[in-house]
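# A structural walkthrough
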Amino acid sequence: MKKNTKILAGAGALYLLLLGLLYHTEHAAGNPGFASFGDTIWYSLVTMTTVGYGDVTPVTAGGKLIGIFFALCSIGILTALIGIGLRVIGSRLIPQLRLVSRRRRPWYIFDEENADSAALATAIRQEIPNGVILFLSGEESGVEAVRMQIPPELFLDKFRGQESITCFFMGGDPWRNLSQALKATKTGFPVYCMSEADGEDIPRNLHLFQREDALSRFYWQTHPLMKEEAEVVLIGCGSFGSALLERALLTNVFERGRYIRYHVFRDTAQFQALHHELCLALSREDVPDDRVFFHGEDWTAAPERIRQADRIILCADSDEENLAQLELLKRWFVHPGRVHVRLSEPVPGIESFGGREEILTPEFVLKDAVNRQAVLMNELYNAGAEHPTAWRDLSAFHRQSNIAAADHLLVKVRYLLDDERLTALTEADCRRAYARYRELYPEREELFQEMEHRRWMRFSQMYNWTYAPVRDNSQRLHPLLIPFEALPPAEKKKDDFAWELLGKLEL
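This structure is a prediction, so every number in the text was calculated from the model and none was measured.

Cut-offs used in this document
- Residues numbered from 1 in each chain as written.
- Predicted model: local features only at pLDDT ≥ 70, side-chain atom pairs only at ≥ 80, totals over all residues.
- Heavy atoms only, no water.
- Helix = DSSP H or I, 4+ residues; strand = E, 2+ residues; numbered from the N terminus.
- Rg over C-alpha atoms; globule rule 2.2 N^0.38 Å.
- Buried < 20%, exposed > 50% of the residue type's maximum accessible area, 1.4 Å probe, protein only.
- Contact = heavy atoms within 4.5 Å.
- Areas by Shrake-Rupley, 256 points an atom, 1.4 Å probe, with all protein chains shown as cover.
- Lys, Arg positive; Asp, Glu negative; His and termini not counted.
- Charge placed at Lys NZ, Arg CZ, Asp CG, Glu CD.
- Salt bridge = Lys/Arg side-chain N within 4 Å of Asp/Glu carboxyl O.
- Pairing = 2+ DSSP bridges.
- Axes fitted to C-alpha atoms, helices over the stretch in contact; angles between N-to-C directions.
- Patch = residues over 30% accessible without salt bridge, like charges linked within 9 Å, V, L, I, M, F, W, Y side chains within 5 Å.
- pLDDT = per-residue confidence, 0-100.
- Polar contact = N/O pair within 3.5 Å; in protein donor to acceptor, adjacent residues only side chain to side chain.
- Disulfide = S-S within 2.5 Å.
- Core = buried A, V, L, I, M, F, W, Y, C linked by side-chain atoms within 4.5 Å.

## Re the overall build of the protein
- Helix and strand counts for the protein come out as 20 helices and 14 strands.
- The C-alpha radius of gyration of the protein comes to 32 Å, more than 25% above the 23 Å expected for a compact globule of 507 residues.
- Along the first, second and third principal axes, the C-alpha atoms of the protein reach 115 × 55 × 45 Å.
- The buried share of the protein, taken over its 507 residues, is 46%.
- When contacts within the protein are restricted to residue pairs at least 6 apart in sequence, those whose partners lie at least 24 apart make up 67%.
- For the protein, the computed accessible surface area is about 25,600 Å², with 56% contributed by carbon and sulfur atoms.
- Of the side-chain charges in the protein, 58 are positive and 69 negative, and the distance between the mean point of each set is 4 Å.

## Quick notes on the pattern of salt bridges
- In the structure shown here, the tally under the stated rule is 38 salt bridges.
- Notably, a salt bridge pairs aspartate 116 with arginine 356, separated by 2.5 Å at the nearest N-O pair. Of this pair, aspartate 116 sits in helix α4 (residues 115-127) while arginine 356 sits in helix α13 (residues 356-359); the two residues are 240 residues apart in sequence, bridging distant segments of the chain.
- Assessed through its relative accessible area of 9%, aspartate 116 is described here as buried.
- Within the structure, one salt-bridge network assembled from shared partners comprises Asp213, Arg217, Arg247, Lys367 and Asp407.

## What about the environment of isoleucine 68?
- Secondary-structure assignment places isoleucine 68 in helix α3 (residues 61-101).
- Assessed through its relative accessible area of 48%, isoleucine 68 is described here as partly exposed.
- Between the C-alpha atom of isoleucine 68 and that of valine 191, which follows or precedes it by 123 residues, the distance is 56 Å.

## A look at the environment of alanine 309
- Looking at the element boundaries, alanine 309 is found in the loop between α11 (303-308) and β10 (311-314).
- As for alanine 309 and arginine 338, which are separated by 29 residues in sequence, their C-alpha atoms are 8.8 Å apart.
- Excluding residues that lie within four positions of it along the chain, alanine 309 makes contacts with Glu231, Val233 and Pro336.

## Examining the sheet that holds strand β2 (residues 132-135)
- Pairing in this open sheet of six strands is parallel, and the strands run β3-β2-β1-β4-β5-β6 from one edge to the other. Since the sheet does not close on itself, it has two edges, and those belong to β3 (146-147) and β6 (206-209), each with one partner.
- In this structure, strand β5 (residues 191-194) lies alongside β6, joined through four bridges in parallel fashion. Across the sheet, the residue bridging to methionine 194 is phenylalanine 209, located in β6.

## Quick look at the sheet that holds strand β12 (residues 352-353)
- Spatial ordering of the open sheet is given by β9-β8-β7-β10-β11-β12, a layout of six strands whose pairing is parallel. Pairing within the sheet leaves two strands with one partner each, and these edge strands are β9 (291-295) and β12.
- Inspection of the sheet shows β10 paired to strand β11 (residues 339-342) by three bridges, in the parallel sense. Bridging from a neighbouring strand, leucine 314 pairs with valine 341 of β11.
- Sheet contacts for helix α7 (residues 211-222): β10, β11 and β12; angle to β10, the most-contacted strand, approximately 160°.
- Most of the contacts of helix α12 (residues 319-332) go to β11, to which it runs at about 160°, and overall it touches β10 and β11.

## Digging into a nonpolar patch on the surface
- A cluster of nonpolar side chains, contributed by Leu14, Leu17, Leu21 and Phe69, occupies part of the molecular surface with about 360 Å² of accessible area.
- By residue number, the principal contributor to the nonpolar patch is helix α1 (residues 2-28), which donates three residues.
- Looking at where phenylalanine 69 falls in the secondary structure, it is placed in helix α3.

## Quick word on the confidence of the model for the protein
- For the protein, the mean per-residue pLDDT works out to 88, and 91% of the residues sit at or above 70.
- Within the protein, the element-level pLDDT minimum falls on α3, averaging 66, and the maximum on strand β8 (residues 261-265), averaging 98.

## Re the side chain of aspartate 429
- Note that aspartate 429 resides in helix α18 (residues 427-462).
- At 3.1 Å, the side chain of aspartate 429 and the side chain of threonine 426 are in polar contact.
- In contact with aspartate 429, not counting residues within four places along its chain, are Val413, Leu417, Leu422 and Ala424.

## A short note on the state of the cysteines
- Using the criterion set out here, one finds zero disulfides in the structure.
- Cysteine 315 supplies the cysteine sulfur nearest to cysteine 237, a cysteine that is in no disulfide, at a spacing of 7.3 Å.
- Overall, cysteine 237 belongs to the buried group, its relative accessible area being 3%.

## Observations regarding the nonpolar core
- Within the largest apolar cluster, 60 residues are counted, with the highest numbers of intra-cluster contacts made by Phe110, Phe168, Leu244, Leu249, Tyr262 and Ile313.
- Among the elements that line this core, the one with the most residues is helix α8 (residues 239-251), at six residues.
- In contact with tyrosine 262, other than residues within four places in its own chain, are Leu225, Val232, Leu234, Leu245, Ala248, Leu249, Asn252, Arg291, Val292 and Phe293.

Below, the structure is given as structure tokens:
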């Protein structure tokens, strides 16, 4: 914008300078056609627009040179006018006609076309073939879509009454994404924003997501731990590694007696600082539970730990670093062979996870299924609660708590069906799992309840809640953060609701 303004200002200054020179030269020569400055402007305009009445002509050499310049400018002006007309027709009028003709279809509006938004748009098109993809800016990526160069707020305001519009803000600057998304929420449309922000005061129709969160949910859903895997090594605990470890600790909560030991190398200080209560709880040897070990030394100095690992996850934030670590691992170390490498861009010959096409999908961005399950879980809990709270009135923390519980449903189904290789919930599997749950309930009632209580405690400790005799949300204190055996019978019974959801799911 600033560059265009400078160009226009320069062209205007040059035009005025030439007008002044022309008027001064011709007026001094006594040319009656240039008796005033207005006559000079008239001559320039009829020359540049190719009208050329011929009633005014310069007589001096300098005036004729300026006249030639004005005549040549006419070609540029004509070209510019044609170009502007075609651009307006191509970028505004034709796209608008295409949109109006598809008004009854669902629209997916992206504020910027880039590699991330193109990946999500492609996945949406595969799932919803009749959907309309619209990009409002950016470089063309090859995705079949409608394109318009227009600010999002202007477009959304124009189509405010349109139904089935979903908006996405996925530019490279997460805080700009959030700023633009907050403006878009005023239209009432569902808005999805790729941003690191989180909080209690975001509008109800604004849904925040992160690439790291989508990756961690994808990984543990599609790469579940097998029963023989008890020792897991993570190399890298930056943004991606932290997200993978968080999701692992919240999701991989199994039946009593099956505990996982996580060994984490590199960049662990921030994770330990942010999740100090959880790290403290999972470092106690006197309580049967999972364990997390944060190693200060480099993983190359722990060959025995690498040898004993059942799974190794290379999850640094840099693809180059993960490839370098993989080369060291393959060349110099004995390892079990189950090595998973996080790469944003796939490399031929290397099995990896975390590419855009895998994680930027409706399943992991929109999270419609898991959100529906979380809402239903809250309704089930409310049925037996003394003070029920509607989903729309829940705090961000309690919404996330229900979503974490919904994420754990797949683990419950795997356990009940004794099938660790399930990677997605289906209605049939849920029905079979629920029937098995009812069959086993009299015998394993406390085992089921204890698993859910440990999962709930894990989530609370992740957010640094601690035990206190009296609950205080402002201080993150809760009286039920105690071992399952110490719970009152009524509180144990409440943990049944997470299992009962299996009998009510509609997928």
